[in-house]
Amino acid sequence: MSKESNKPVKQELMLGLIYPAVLGTIRYQMLFTLAHLLREQYPINAIICIKCTLLIVSIGFYVCDYLYIVFTKRYYWWSFLCDLVFILALYATVIAIDVDNPRNLPHNKVILLCYLIFLLVYLVWDGYEFLTVPLGEERDFYRSVVYWELPWLFVIGVFETISLFWNNPLMISIVTIIILSMVTIWFGFLVSRMRKFI
């Protein structure tokens, strides 16, 4: 017995093909790096630990994004374009983490820029939802999402600016992990709340 989906074709394409392909590629890269570590081809050091942590946080963030799209009721033609931006930002984030290079720290400025782009695009999308959804619980939810995006945009933007002038890449990496972990955990809570509206 087949269950027909009420989701638009573009949303189904994004959820059923594009996102899984990109996330699968990233997981494969992570397993490839893990294999190098287990065969002792890469030394386990602080740089590898930082990169693996950033990769795990980024995967967690984009899994939350995937679930957010799954739970989205209204998927507009421009939502597909937004999702393409998210996928490109995810891939750019993974490239900037540069897990396969055990000697150099990740490119934190690029990673922060990707998260900044992500939050800006989502602010436009969620702001539109907030302004167009009728009064009620769902509108309150979108208000809380916008209130999540605004302060984190500010924090990431300020830290991105500071990192341009701060000459301590190790500390920049550690602070980046802390900031992005907090953003991801908060995003996870919002996604779990969003589930009520499907």
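Please refer to the structure placed before this passage.
A. Representation of the overall build of the protein chain within the structure. For the protein chain, the count of helices and strands is 6 helices and 0 strands. Across the protein chain, helices and strands are ordered from the amino to the carboxyl terminus as α-α-α-α-α-α. Considering only C-alpha atoms, the protein chain reaches an extent of 55 × 45 × 25 Å along its principal axes. Each of the 198 residues in the protein chain was classed as buried or not, and the buried ones make up 46%. Within the protein chain, residue pairs in contact and separated by at least 24 positions form 81% of the contacts whose partners lie at least 6 positions apart. Surface summary for the protein chain: the accessible area is close to 10,600 Å², and the carbon and sulfur share equals 70%.

B. Structural context of the environment of S192. Mapping S192 onto the fold places it in helix α6 (residues 169–194). For the pair S192 and L67, spaced 125 residues apart in sequence, the C-alpha separation works out to 9.0 Å.

C. Structural detail: the state of the cysteines. Taken as a whole and judged by the stated rule, the model has 0 disulfides. Here C52 stays unpaired: no disulfide links it, and the sulfur of C49, its closest cysteine neighbor, is 6.9 Å away. C114 carries a free sulfur, and the closest cysteine sulfur to it, the one in C82, is 16 Å from it. You can call C114 buried: its relative accessible area is 7%.

D. A look at α6. Under the 1.5 Å per step criterion, the end-to-end length of α6 is 37 Å for 26 residues, consistent within 8% with the ideal 38 Å. Taken together, the buried positions of α6 are occupied by I172, S173, T176, I177, I179, L180, V183, T184, F187, L190, V191 and M194. Tucked inside the fold, the buried residues of α6 contact α2 (46–71), α4 (108–132) and α5 (137–165).

E. Structural detail: the side chain of K51. Along the chain, K51 falls in helix α2. This buried residue, K51, is left without a salt bridge; D98 holds the nearest opposite charge, at 4.1 Å. From its side chain, K51 meets the backbone oxygen of N104 in a polar contact 2.6 Å long. In this structure, K51 is in contact with I97, D98, V99, N101, N104, L105 and P106, ignoring residues within four places of it in sequence.

F. Layout of the packing of aromatic side chains. Scanning all chains against the criterion turns up 24 aromatic pairs. Ring geometry for F61 and Y115: centres 4.8 Å apart, planes at 55 degrees, overall tilted. Residue F61 is located in helix α2, and its partner Y115 is located in helix α4; the two are separated by 54 residues in the primary sequence. Taken together, a centroid distance of 5.4 Å and an interplanar angle of 90 degrees make the contact between Y76 and Y128 edge-to-face. Here Y76 is found in the loop between α2 and α3 (77–97), whereas its partner Y128 is found in helix α4, with 52 residues between them in sequence. Judged by relative accessible area, Y128 falls into the partly exposed class, the value being 36%. Over the face of the ring belonging to F130 we find R139, whose NZ or CZ atom lies 4.8 Å from the ring centre.

G. Structural view of the pattern of salt bridges. Counted according to the given criterion, the structure contains 4 salt bridges. Between E129 and R74 there is a salt bridge, with the nearest N and O atoms lying 3.0 Å from each other. Of this pair, E129 sits in helix α4 while R74 sits in the loop between α2 and α3, placing them 55 residues apart in sequence. R74 gets classed as partly exposed once you look at its relative accessible area, which sits at 26%. In this structure, the salt-bridge partner of D140 is R143, at a minimum N-O distance of 2.8 Å. Of the two residues, D140 and R143 are both situated in helix α5; the distance of 3 residues between them amounts to about one turn of the helix. Classification of R143 as partly exposed rests on a relative accessible area of 28%.

How each quantity is defined
- Residues numbered from 1 in each chain as written.
- Predicted model: local features only at pLDDT ≥ 70, side-chain atom pairs only at ≥ 80, totals over all residues.
- Heavy atoms only, no water.
- Helix = DSSP H or I, 4+ residues; strand = E, 2+ residues; numbered from the N terminus.
- Buried < 20%, exposed > 50% of the residue type's maximum accessible area, 1.4 Å probe, protein only.
- Contact = heavy atoms within 4.5 Å.
- Areas by Shrake-Rupley, 256 points an atom, 1.4 Å probe, with all protein chains shown as cover.
- Disulfide = S-S within 2.5 Å.
- Expected span 1.5 Å × (residues − 1).
- Lys, Arg positive; Asp, Glu negative; His and termini not counted.
- Salt bridge = Lys/Arg side-chain N within 4 Å of Asp/Glu carboxyl O.
- Polar contact = N/O pair within 3.5 Å; in protein donor to acceptor, adjacent residues only side chain to side chain.
- Phe/Tyr/Trp six-rings, centres within 6.5 Å; stacked < 30°, edge-to-face > 60°.
- Lys NZ or Arg CZ within 6 Å of the ring centre and 35° of its normal.

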